Amino acid sequence: MSTSETRPPALLTTSGLVFLGVLGAAVVLVPALNLLTAPDSALHVPTYVVSLLGKYLTYALLALSVDLIWGYVGILSLGHGAFFALGGYAMGMYLMRQIGPRGVYGDPVLPDFMVFLNWKELPWFWYGFDLFPFAALMVLLAPGILALVFGWFAFRSRVTGVYLSIITQAMTFALLLAFFRNDMGFGGNNGLTDFKDILGFNIQADGTRVVLFVLSAVALGLGYVLCRFLVRSHFGKVLVAIRDAETRVRFTGYRAENYKLVAFVVSAMLAGIAGALYVPQVGIINPSEFSPANSIEIIVWVAVGGRGTLVGAALGAVLVNYAKTYFTSGLLAPYWLFMLGGLFVAVTLFLPKGIVGTFYDWRARRRASDDIPGAEPAAAPKPAE
């Protein structure tokens, strides 16, 4: 066996380098065009656009987390919006504690919604959220612990396929109902909003918005590198084997449930980080983020971009959400969900590998044709049954 056959794949492929290069260019250009150009300049990027782009990047990170488990492990989670929302609520609780006496009711400790509901003291689970390090830790632990407990029981019970998808959807729907309750202490159906500052900086200031955009881009880049590191390692090869033939993997002595659990927890934590970066940029977090429809929409992003490509998941999230922004602001707004459903059906029928996956397939076939002139390109191997 030659060295090239045993060498692990490169950490960053050409598409990965291009992806990180585009992110790097955005980190430099967007802040410069926002802060260093005159508002009436044709090159000026308004602050609301900076926040909008930052929101797209958090969605891209969320899509990346789903692609890690769906594209490489075969776990179709229809409840990943729950992990995103939990990370968002952890950040929202920190931002609410920073308001202090500047709230409508002027209470230095209790958020406005608690004063309105006649709460007398701060609930125990709000303690510590006045400290950013604690809140940042909860951004990881809240979705991570939920994923650990849920995954432990689901994977140990060998729940797979559509049944696993259904119970992940049931999980996020249960959380939706719970967070809608006022007595839960999370703001009820109104959620958490009216944020003032973060780490002492005005959350509405142009400079703060730019920093949040940059942090979102950096988090997306690091998330991509982490996912790429995992899928190219021996751990990642086992994940792909589990996706293609879990029973055979078990027969070889691997504890498939442990590998699936680790990937699921890592994916949930990435989703939590995305949620934490999302909240200060949109200015609100409420139970609607737990909606099962949101989790299904994430699947559409990944399918459009290309499942099992990582880069495609991020691209699909940006493209679909840009289309959503464009079409929901005009006469076509009432028909957006029909358009989204049609897009998913069209991709499934005509681009089953997504945009990036189809491009990869075309490139592989072209290289095969170049290597053997006149020969038909070999068919891609089918997953083991």
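Residues numbered from 1 in each chain as written. Predicted model: local features only at pLDDT ≥ 70, side-chain atom pairs only at ≥ 80, totals over all residues. Heavy atoms only, no water.

- The name recorded for the protein chain in an unreviewed UniProt entry is Urea ABC transporter permease subunit UrtC, from Ancylobacter moscoviensis.
- Quoted straight from UniProt, the Subcellular location (unreviewed entry) entry for the protein chain says "Cell membrane". (UniProt positions renumbered as here; feature names shortened; annotations may be inferred.)

1. Overview of the nonpolar core
Moving on, step 1. Counting residues in hydrophobic clusters, the biggest one holds 103 residues, and the most contacted among them are L95, W126, L192, L220, F290 and W301.
Moving on, step 2. Take this core: its biggest share by element is 14 residues, from helix α10 (residues 256–282).
Moving on, step 3. Leave out the neighbours within four places in its chain, and L95 touches F195, D197, I198, I203, V279 and P280. (Core = buried A, V, L, I, M, F, W, Y, C linked by side-chain atoms within 4.5 Å. Buried < 20%, exposed > 50% of the residue type's maximum accessible area, 1.4 Å probe, protein only. Helix = DSSP H or I, 4+ residues; strand = E, 2+ residues; numbered from the N terminus. Contact = heavy atoms within 4.5 Å.)

2. Some words on the packing of aromatic side chains
Moving on, step 1. The full count for this structure, using the stated rule, is 23 aromatic pairs.
Moving on, step 2. When the centroid spacing of 4.7 Å and the interplanar angle of 40 degrees are considered together, the rings of F179 and F290 count as tilted. With a gap of 111 residues between them, F179 in helix α7 (residues 161–180) and F290 in the loop between β4 (284–285) and α11 (292–305) connect regions that are remote in the sequence.
Moving on, step 3. Pairing F235 with Y259 gives two aromatic rings, centres 5.5 Å apart and planes at 25 degrees, and the pair type is stacked. With F235 in helix α9 (residues 234–251) and Y259 in helix α10, this residue pair connects regions lying 24 residues apart in the sequence. For the pair shown, F235 and Y259 are each scored as buried.
Moving on, step 4. Members of the aromatic cluster, each reached through a chain of ring pairs, are Y89, W124, F125, F179, F186 and F290. (Phe/Tyr/Trp six-rings, centres within 6.5 Å; stacked < 30°, edge-to-face > 60°.)

3. Re the confidence of the model for the protein chain
Moving on, step 1. When pLDDT is averaged along the protein chain, the result is 91, and 94% of the positions lie at 70 or above.
Moving on, step 2. Confidence drops under pLDDT 50 across residues 375–385; counting only partners more than four residues distant or on other chains, this segment forms nine contacts. (pLDDT = per-residue confidence, 0-100.)

4. A look at the side chain of N286
Moving on, step 1. Position of N286 among the secondary structure elements: in the loop between β4 and α11.
Moving on, step 2. Engagement of the side chain of N286 in a polar contact is seen with the side chain of S288, the distance being 2.3 Å.
Moving on, step 3. Leave out the neighbours within four places in its chain, and N286 touches Y89, N189, N190 and G191. (Polar contact = N/O pair within 3.5 Å; in protein donor to acceptor, adjacent residues only side chain to side chain.)

5. A look at a nonpolar patch on the surface
Moving on, step 1. Residues L315, L319, V345, L349, F350, L351 and I355 make up a contiguous nonpolar surface patch of about 630 Å² in total accessible area.
Moving on, step 2. The biggest single contributor to the nonpolar patch is helix α13 (residues 336–350), with three residues.
Moving on, step 3. Locating V345 in the fold gives a position in helix α13.
Moving on, step 4. Relative accessible area serves as the criterion here: at 46%, V345 is assigned to the partly exposed category. (Patch = residues over 30% accessible without salt bridge, like charges linked within 9 Å, V, L, I, M, F, W, Y side chains within 5 Å. Areas by Shrake-Rupley, 256 points an atom, 1.4 Å probe, with all protein chains shown as cover. Salt bridge = Lys/Arg side-chain N within 4 Å of Asp/Glu carboxyl O.)

6. A short note on helix α4 (residues 80–97)
Moving on, step 1. A rise of 1.5 Å per residue sets the reference length of α4, with its 18 residues, at 26 Å; its end C-alpha atoms lie 27 Å apart and thus fit the reference within 8%.
Moving on, step 2. Burial analysis of α4 places 18 of its 18 residues in the buried class, the great majority of the element. (Expected span 1.5 Å × (residues − 1).)

7. Side note on unusual backbone geometry
Moving on, step 1. Positive phi outside glycine occurs at R158, with the angle close to 60 degrees.
Moving on, step 2. Secondary-structure assignment places R158 in the loop between α6 (132–156) and α7.
Moving on, step 3. For R158, a relative accessible area of 56% corresponds to the exposed category.
Moving on, step 4. The backbone of D194 sits at a positive phi, close to 60 degrees, despite the residue not being glycine.
Moving on, step 5. Residue D194 is classed as partly exposed on the basis of its relative accessible area, which comes to 35%.

8. As for the environment of Y89
Moving on, step 1. Position of Y89 among the secondary structure elements: in helix α4.
Moving on, step 2. In this structure, the C-alpha to C-alpha distance between Y89 and A135, residues 46 residues apart in sequence, is 9.7 Å.
Moving on, step 3. Setting aside chain neighbours within four positions, we find Y89 in contact with F179, F186, G191, L192, I285, N286, P287 and F290.

9. Re the environment of F186
Moving on, step 1. You can see F186 is positioned in the loop between α7 and β1 (192–193).
Moving on, step 2. Separated by 101 residues in sequence, F186 and P287 have C-alpha atoms that sit 9.0 Å apart.
Moving on, step 3. The contact partners of F186, leaving out residues within four places of it in the chain, are Y89, M93, F113, F125, F179, G191 and L192.

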